[in-house]
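Observations on the model geometry
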Amino acid sequence: GMQSHLQALLSLYKLFCPELVTIALPAKMKTYFKNSEGPWKAAISALRRRNKENAPVLNPLVLGTTQPQSRKRKWNAQVVIAASSTNKNNLEEDREKQHLNLYSMDEPFPVERLQTFPQLLQNIHRLEFPSQMGSVLTNPLLLHYMNCIKDESIYLRLYYWMGQTLQEECTWCVAENSRYEEEFKDFLEAVYKTECFLQEGFSSCEEFLYKSLPLWDGFCCRPQVLRLLSWIPLSSFSEIKSHLYDPLAQLFFTSSLYFKCSVLESLKELLQNWLNWQVIHSDPESDS
């Protein structure tokens with residue numbers, strides 16, 4: 001049977017290989033595998049704070065961008081988006097040998113070495129995605145790859161990782177996360193920019209909005225939430241009404257004029273995105 005510790009183990013597998021776990025798992029379950037690096041990271045951070053003038057603060061490797069890591073984040077959070085390929089340990093063992101064989105068609109191309117668009121074109125069929133899927137959100141080269149190569153496993157991994165992160169970091173659903181509102185705003189902003197780049201919404205964002213809107217106060221992360229609303233995928237009216245319009249209506253009629261205009265603007269962009277999607281995916285033979 002589905003015992004709780006087995007569900008937790010399957011959930012851990014699903015985080016890295018969702019295509020191998022085909023059964024449905026509950027959204028919330030007891031945490032069995034806590035991050036063992038937490039105390040070490042806390043101790044290192046304390047030392048850096050005491051010696052901040054002499055000890056440099058290491059930033060996470062974010063491909064294509066430079067983002068400083070906030071020191072106030074809780075240690076088991078996943079919002080910090082760092083790049084790491086699945087064979088990172090092998091890369092560190094023999095860098096010179098791998099550099100010579102970097103363009104061998106039999107070897108996977110490590111994502112840490114992907115810096116330019118020509119590199120992407122030359123190695124697009126042997127690119128190895130990072131184990132931390134959050135790296136994709138801040139890397140335009142990997143987003144181009146997602147647009148060109150429709151790999152279902154990549155979308156599954158990104159969907160599952162994003163869904164878990166949104167649920168665990170939502171500042172108005174989890175009271176203890178209220179101190180990290182700014183970081184959650186940055187994360188929502190990164191997700192929104194990724195959707196604009198790909199010109200399509202994520203189903204994990206849709207599920208997050210449907211679950212969290214009834215609990216939303218209309219104030220926390222308002223610009224980011226309304227932007228994400230504009231990329232909800234096209235679905236039936238009954239589903240949209242119950243999960244989107246009804247929660248918004250309760251806030252709409254009791255909020256300020258500015259909030260009303262913001263909601264109308266977001267719904268207008270949602271309609272525009274739906275129409276653009278219909279034009280792009282319409283059947284040329286049925287246009288007449």
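Under an unreviewed UniProt entry, the protein has the name CENPI protein and belongs to Jacana jacana. Quoted verbatim from the Sequence similarities (unreviewed entry) field of UniProt, the annotation for the protein is "Belongs to the CENP-I/CTF3 family."

**Considerations on the overall build of the protein**
Counting its secondary structure elements, the protein contains twelve helices and two strands. When the helices and strands of the protein are placed in sequence order, the string is α-α-α-α-β-α-β-α-α-α-α-α-α-α. The 288 residues of the protein split such that 39% are buried. In the protein, 60% of the contacts between residues at least 6 apart in sequence involve partners at least 24 apart. Entry remark: accessible area of the protein is about 17,400 Å², with carbon and sulfur atoms responsible for 56%.

**Considering the packing of helix α11 (residues 237-252) against helix α12 (residues 257-281)**
At a closest axis distance of 10 Å, the pairing of α11 and α12 adopts a crossing angle of 160°. Taken together, the axes of α11 and α12 lie roughly antiparallel to each other. You can see that α11 and α12 cross each other, and the crossing is left-handed. Contact with α11, carried on its side by Ile-240, Leu-244, Tyr-245, Leu-248, Leu-251 and Phe-252, involves Phe-259, Lys-260, Val-263, Leu-264, Leu-267, Leu-270 and Trp-274 of α12 and no other residues of that element. Its residues placed into classes, the contact of α11 with α12 shows twelve nonpolar, no polar and one charged.

**Some points on unusual backbone geometry**
The phi dihedral of Gln-199 falls on the positive side, at around 60°, and the residue is not glycine. Tracing the backbone through its elements, the reader meets Gln-199 in the loop between α8 (181-198) and α9 (203-212). Take Gln-199: its relative accessible area is 48%, and that puts it in the partly exposed class.

**Remarks on the nonpolar core**
Core analysis: the biggest nonpolar cluster contains 52 residues, and Phe-129, Met-162, Trp-172, Phe-184, Trp-216 and Leu-244 have the highest contact counts within it. Elements with a contribution of two residues or more to this core: α6 (140-148), α7 (152-169), α8, α9, α10 (222-229), α11 and α12. Top element by residues in this core is α8. It accounts for six residues.

**Notes on α12**
Three or four residues apart is the spacing at which side chains of an α-helix point the same way, because the helix has 3.6 residues per turn. With 25 residues, α12 extends 36 Å from end C-alpha to end C-alpha; this agrees with the ideal 36 Å at 1.5 Å per step. Among the residues making up α12, those that are buried are Phe-259, Ser-262, Val-263, Ser-266, Leu-270, Asn-273 and Trp-274. Of the surrounding secondary structure, the elements contacted by the buried residues of α12 are α10 and α11.

**Let's talk about the pattern of salt bridges**
For the structure on display, the rule yields five salt bridges. Linking Arg-227 and Glu-189 is a salt bridge whose minimum nitrogen-to-oxygen distance equals 2.9 Å. Of the two residues, Arg-227 is situated in helix α10 and Glu-189 in helix α8; the sequence distance between them amounts to 38 residues. With relative accessibility at 30%, the residue Arg-227 sits in the partly exposed group. Between Lys-268 and Glu-265 there is a salt bridge whose closest N-O contact spans 3.5 Å. Highlighted residues: Lys-268 and Glu-265, both in helix α12, separated by three residues, approximately one helical turn. Judged by its relative accessible area of 41%, Lys-268 falls in the partly exposed class. Where salt bridges share partners, they join Glu-181, Glu-182 and Lys-185 into one cluster.

Definitions and limits used
- Residues numbered from 1 in each chain as written.
- Predicted model: local features only at pLDDT ≥ 70, side-chain atom pairs only at ≥ 80, totals over all residues.
- Heavy atoms only, no water.
- UniProt positions renumbered as here; feature names shortened; annotations may be inferred.
- Helix = DSSP H or I, 4+ residues; strand = E, 2+ residues; numbered from the N terminus.
- Buried < 20%, exposed > 50% of the residue type's maximum accessible area, 1.4 Å probe, protein only.
- Contact = heavy atoms within 4.5 Å.
- Areas by Shrake-Rupley, 256 points an atom, 1.4 Å probe, with all protein chains shown as cover.
- Axes fitted to C-alpha atoms, helices over the stretch in contact; angles between N-to-C directions.
- Parallel < 35°, antiparallel > 145°, perpendicular 65-115°, else oblique.
- Left-handed = near helix turned anticlockwise from the far one by under 90°.
- Nonpolar A, V, L, I, M, F, W, Y, C, P; charged D, E, K, R; others polar.
- Core = buried A, V, L, I, M, F, W, Y, C linked by side-chain atoms within 4.5 Å.
- Expected span 1.5 Å × (residues − 1).
- Salt bridge = Lys/Arg side-chain N within 4 Å of Asp/Glu carboxyl O.

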